[in-house]
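# Commentary on secondary and tertiary structure
Residues per chain, in single letters:
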Amino acid sequence: MSQAPLVEVSGLTYDYPGRRALHDVSFVLPAGSITALVGPNGAGKTTLMRCLAALDEPLHGTIRLMGEDALADPPATHRKLGYLPDLFGLYERLSLRRCLTYRAWAQGVPRAEIAAAVAWAAEQVGLADRLEERAGTLSRGLKQRLAIGQAIIHRPPLLILDEPASGLDPEARLDLARLLRMLRDAGMTLMVSSHILAELEDYSTHLMIIDNGRLVSFEPLGEGWPKIGLVEIEVRFLPGQVDLRARLAAAGLATELVDDVARLNLPDDPAQQAAALAALLRSGLSVVSFAPVRTSLQDAYLERVRGARQ
Amino acid sequence: MRTAEIRRNLWLELSPQRLIALPLILLVVVLVGEVVSSREHYLGEVGSWLYYGMVLLWGSRRAAAAVTEEVNGGTWIGQRLSALSPSALVLGKLFGATAFIWYGGLIGLALYGFILFDADLPQAYVAAVLLQHLAWGVFVHCVALAASLVLLNKRRLVESVGTTLPQILALLVALAVFGLFWRGPLVVSLVGVGQAISWYGLAFDPALFLTAVAVVFAAWGALACVRLMAAQLQRQLLPWAWPAFVLFLIAFAEGFVPSSPERSVLFSQISAISVALTLYYLALFADRNEPLRFRHCIAAFAGGRLRRGLSLLPWWVYGWFILLAAALWPSGGESAEPDLLGRLAQVFGLTVTDSVLARLGLVCFALRDAAFVLWINAGGRNQRADLVALIYLLVLYGPLVALFIGLEAWTVVGLLAPLPIGPAGLGLASALVQTAVLGFLTWRRWQALFRT
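## Considerations on the overall build of chain B
Along chain B, the regular secondary structure elements total 19 helices and two strands. With 452 residues in all, chain B has 42% of them scored as buried. When contacts within chain B are restricted to residue pairs at least 6 apart in sequence, long-range pairs at least 24 apart make up 74% of them.

In structure tokens, the structure reads:
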């Protein structure tokens, strides 16, 4: 994955009357990343995204998209990005084909490439077999897909999605996570805001925390954060186990151990988790319970936000 | 693609069912009327009323809704993010969102035109009258679209925008324009005989003159829409359009000033000052006056971004300088004849000591009112601050001034309103002091608002 900066933000400050929405926010967004933007309600997430999309002009600060000043020429910036707001609308009386065709026209896709662009976008969002249906007849999840299809039809390098999972059922959320990973694999850089941290773990490479308009942290999900695709399992042993730490190491299970409770980071794969449990039992350890713990990303997020507030 | 917006609107507006049903309905209406009416030119009248009913009443609503429906339906951001130019979007909304209205309206206009041609009128005259109808229709749609964009601009932090207010504004402007040009398309009808219109001393055929006026006003309306749309698309615009329109309107009105030397000073001032003053207050209440705009403006100038700073200055600032120039020209100081304010003073049986100072007082009171509007806007998060300020000013200039006039407290009146009474320069000094005080208080409020 390329880590060259796609977006460089420096000293971004945005005011609403009587309230500063963004305080001197600076960061660099690597190309090919999926950044999860999280923070409490009113933290400034939407304002930050609208500034990145050159929809609102900040009081101070610069935004460079692919090396160009994003605020100097907003129409040029708009050609390089797709943006899906939290509350989006569709032309519900138009067919999906016409919705996508209009968006392709509006984004300046050359006439000869319109049909191919419509077919590509519909394929990406899994709506290729519904192109003649009216947008108004789609379910909430499919509307979300159509809206994303409209946002990516000109194949922008940057895609910004504001709360794309809100209102979706669990199955639609899984589909969305799959779609976002696919778009990243297709070469896009994504920034996604959400309140639901568990779902962000499914696809994010970076986590940006913003609180009260200030950037609390922006880090790759790795060191210090739960690994993507891992599940934290809490194992309780019968008290009084001899050489517990050594026997766990001998079983090939590196772990944190406090008294008779161990925490294992295991792949999110039932077969591998069953194998780990079997290894513990083969070692002669008396296991009282073996269960996943609450999402660690959420714990870590709360820890950072509280730390920043203090 | 420049036609994207118009094609999308045509998809939405024109269905085969609608295209077939409308002419059938209109045919039934016309035939029933033809049977029950004995009037000679019935068909032509029906045609013109059908045209105005559809294009003015329904069309103005559709033109306003072309923006408000996008905002309320959540598709407006998608349009702001598109690569479409402001002119392509305006074209699509003006003629695409109203396509069905134009379809019905043109059927009515065709009926009207048929009767005109049938009456053996000169073809050039008939063509001019029909073009005049079309141009007024486009003008009203432009006003409705522009009003919705102005409203959207003023309520940018609000989720929804109504359609009725811009439609009413468009219809009010239409009524005002038709009232001013009463020889307009509703009156210049079948006979087409009327007095020549005198403009800058030249005689013009009413039909041709009004057609030219309608086309020019429609062009100004379209320009206003494109400029307002460009602002929505984050384009940084140099602010030439509004001052140009004010100057155009002053020059246009000047053309109607009678050439007789005894009346020229008064009427010139009436036209120049009243036009500049009307447009100044229109701009003051149409543009955004919230503190954030001025903060951005000041930051842009402070950061050396002159173009950005100029584009953020409210229209009324430019309008104020034109008002100042209009008040000082012609000076009238050497003329024994009383000027506009002098005539006003005579109504109250008073004498004006210095007309130049009085006119400067008028300009400074206008600035005082702007400072007042800014001060109210700086008072909090009130979305209706401009409306509140407007009500206060109406109370000041209406009942309050009337009360002091009734009490014959002329000095107090001179302190509050731009009436040329009391000691020379009193009004001017009062307006300057009030402007300075309100300016200082506004600055204090801004500082408190943005203290972080």
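Now that the structure has been shown, we can carry on.
## Comments concerning the interface of chain B and chain A
Every contact between the two is made by 27 residues of chain B and, on the other side, 30 residues of chain A. Breaking the side of chain B that touches chain A down by element, the ones donating at least two residues are α1 (4–13), α4 (76–80) and α12 (291–302) of chain B. Residue contributions to the side of chain B that touches chain A peak at five residues, all from α12 of chain B. Residues of the side of chain B that touches chain A, tallied by class, amount to 14 nonpolar, eight polar and five charged.

## A few points about the environment of Trp 375 of chain B
All names here are of chain B. By secondary structure assignment, the location of Trp 375 is in helix α16 (residues 355–377). When the C-alpha atoms of Trp 375 and Leu 438 are compared, they prove to be 6.6 Å apart, with 63 residues separating the residues in sequence. If we ignore the near neighbours within four places in the chain, the residues touching Trp 375 are Leu 438, Leu 441, Thr 442 and Arg 445.

## So, the sheet that holds strand β4 (residues 60–65) of chain A
Residue and element names in this part refer to chain A. The sheet built from four strands is open, its strands ordered β2-β1-β4-β5 with antiparallel pairing. Bordering the open sheet on either side are β2 (19–30) and β5 (68–69), each of which pairs with just one other strand. Where strand β1 (residues 5–16) lies against β4, five bridges are found, and the strand directions are antiparallel. Along β4, the bridge assignment pairs Thr 13 with His 60.

## As for unusual backbone geometry
All names here are of chain B. Phi angles above zero are rare outside glycine, and Gln 234 is one such case at about 70°. Position of Gln 234 relative to the elements: it lies in the loop between α9 (206–232) and α10 (241–254). With 18 C-beta atoms packed within 10 Å, Gln 234 lands in the partly exposed category. Phi at Glu 408 is positive, roughly 55°, even though this residue is not glycine.

## Brief notes about the pairing of strand β7 (residues 158–162) of chain A
Residues and elements named next belong to chain A. Among the five residues in β7, five count as buried, and that is most of the element. The alternating pattern of β7 places Leu 158, Ile 160 and Asp 162 on one face and Leu 159 and Leu 161 on the opposite face, and all of these are buried. Inspection of the sheet shows β7 paired to strand β8 (residues 189–193) by five bridges, in the parallel sense. The residue bridging Leu 159 from the neighbouring strand is Leu 190, located in β8.

## Some thoughts on the nonpolar core
Formed by 191 residues in total, the largest nonpolar core has its most connected members in Cys 142, Leu 145, Cys 225 and Ala 276 of chain B. Top element by residues in this core is helix α7 (residues 123–154) of chain B. It accounts for 19 residues. Sequence-distant contacts of Cys 225 of chain B, defined by excluding residues within four places in its chain, comprise Val 90, Leu 94, Cys 142, Leu 145, Ala 146 and Leu 149 of chain B. One finds Val 235, Leu 248, Leu 264 and Leu 280 of chain A within the second-largest nonpolar core, a separate group that totals seven residues.

## Some remarks on the sheet that holds β7 of chain A
Residues and elements named next belong to chain A. Read from one edge to the other, the open sheet built from six strands follows the order β6-β7-β8-β3-β9-β10, with strand pairing classed as mixed. Bordering the open sheet on either side are β6 (81–84) and β10 (214–220), each of which pairs with just one other strand. Each neighbouring strand pair of the sheet contributes to a mean axis angle of 15°, computed without reference to strand direction. With four bridges joining them, strand β3 (residues 34–38) and β8 adopt parallel strand pairing. Directly across from Ile 34, in β8, lies its bridge partner Leu 190. The strands touched by helix α5 (residues 140–152) are β6 and β7; relative to β6, the strand with the most contacts, the crossing angle is about 155°. Contacting β3, β7 and β8, helix α6 (residues 170–185) runs over the sheet at an angle of about 155° to β8.

## Some words on helix α4 (residues 114–124) of chain A
Residues and elements named next belong to chain A. Turning to α4, its buried residues number three or more, namely Ala 117, Val 118, Ala 121 and Ala 122. Down the axis of α4, the buried side of the element spans an arc of 125°, and every buried residue falls inside it. Of the exposed residues in α4, the ones pointing more than 90 degrees away from its buried face are Ala 116 and Glu 123. Just downstream of α4, Gly 126 is the residue with a positive phi angle, here 70°.

## Some thoughts on the packing of helix α2 (residues 16–36) of chain B against helix α6 (residues 99–118) of chain B
Residue and element names in this part refer to chain B. Their axes nearest at 11 Å, the elements α2 and α6 cross at an angle of 30°. In the crossing of α2 with α6, the sense of the turn from one axis to the other is right-handed. For the pair α2 and α6, the contacting residues are Arg 18, Leu 22, Pro 23 and Leu 26 in the first and Phe 100, Tyr 103, Gly 104 and Ile 107 in the second. The residue inventory of the contact of α2 with α6, partitioned by class, reads six nonpolar, one polar and one charged.

## Points about the environment of Gly 104 of chain B
Residues and elements named next belong to chain B. Looking at where Gly 104 falls in the secondary structure, it is placed in helix α6. For the pair Gly 104 and Thr 68, spaced 36 residues apart in sequence, the C-alpha separation works out to 23 Å. Look past the residues within four positions of Gly 104 in its chain and what remains in contact with it is Leu 22, Leu 26 and Met 54.

## Concerning the packing of helix α3 (residues 96–106) of chain A against α5 of chain A
All names here are of chain A. Where α3 meets α5, the axes come as close as 8 Å, and the angle between the chain directions of the two elements is 30°. By the criterion of interaxial angle, the relationship of α3 to α5 is roughly parallel. Our pair here, α3 against α5, has a crossing hand that is right-handed. Packed against α3, whose contacting residues are Leu 96, Cys 99, Leu 100 and Arg 103, the element α5 presents Leu 146, Gly 149 and Gln 150 at the interface. Residue composition of the contact of α3 with α5, by class: four nonpolar, two polar and one charged.

## Looking at the pairing of β8 of chain A
All names here are of chain A. Burial within β8 is extensive, with five of its five residues counted as buried. Side chains of β8 alternate between two faces, with Thr 189, Met 191 and Ser 193 and Leu 190 and Val 192 buried alike. Handedness of the β-α-β unit built from β7, α6 and β8 comes out right-handed.

## Here we look at the environment of Leu 282 of chain B
Structurally, Leu 282 of chain B can be placed in helix α11 (residues 261–286). Sequence separation between Leu 282 of chain B and Trp 410 of chain B is 128 residues, and the spatial gap between their C-alpha atoms is 29 Å.

## Remarks on the confidence of the model for chain B
Keep in mind that low pLDDT regions are not for reading the predicted coordinates in detail. Residues and elements named next belong to chain B. Scored by pLDDT, chain B has a mean of 83; 82% of the residues are at 70 or more. Across chain B, helix α5 (residues 86–96) holds the top mean pLDDT of 93, while helix α15 (residues 340–347) sits lowest at 62. Within the model, the stretch residues 183–193 combines pLDDT values under 50 with 25 contacts to residues more than four positions away or in other chains. We note a pTM of 0.82 for the whole complex and an ipTM of 0.82 for its interfaces.

Rules behind the numbers
- Residues numbered from 1 in each chain as written.
- Chains lettered and ligands numbered in written order.
- Predicted model: local features only at pLDDT ≥ 70, side-chain atom pairs only at ≥ 80, totals over all residues.
- Helix = DSSP H or I, 4+ residues; strand = E, 2+ residues; numbered from the N terminus.
- Buried ≥ 20, exposed ≤ 12 C-beta atoms within 10 Å, placed from the backbone.
- Contact = placed C-beta atoms within 7 Å.
- Nonpolar A, V, L, I, M, F, W, Y, C, P; charged D, E, K, R; others polar.
- Pairing = 2+ DSSP bridges.
- Core = buried A, V, L, I, M, F, W, Y, C linked by C-beta atoms within 7 Å.
- Axes fitted to C-alpha atoms, helices over the stretch in contact; angles between N-to-C directions.
- Arc of directions from axis to C-beta.
- Left-handed = near helix turned anticlockwise from the far one by under 90°.
- Parallel < 35°, antiparallel > 145°, perpendicular 65-115°, else oblique.
- Right-handed = clockwise from strand over helix to strand, strands pointing away.
- pLDDT = per-residue confidence, 0-100.

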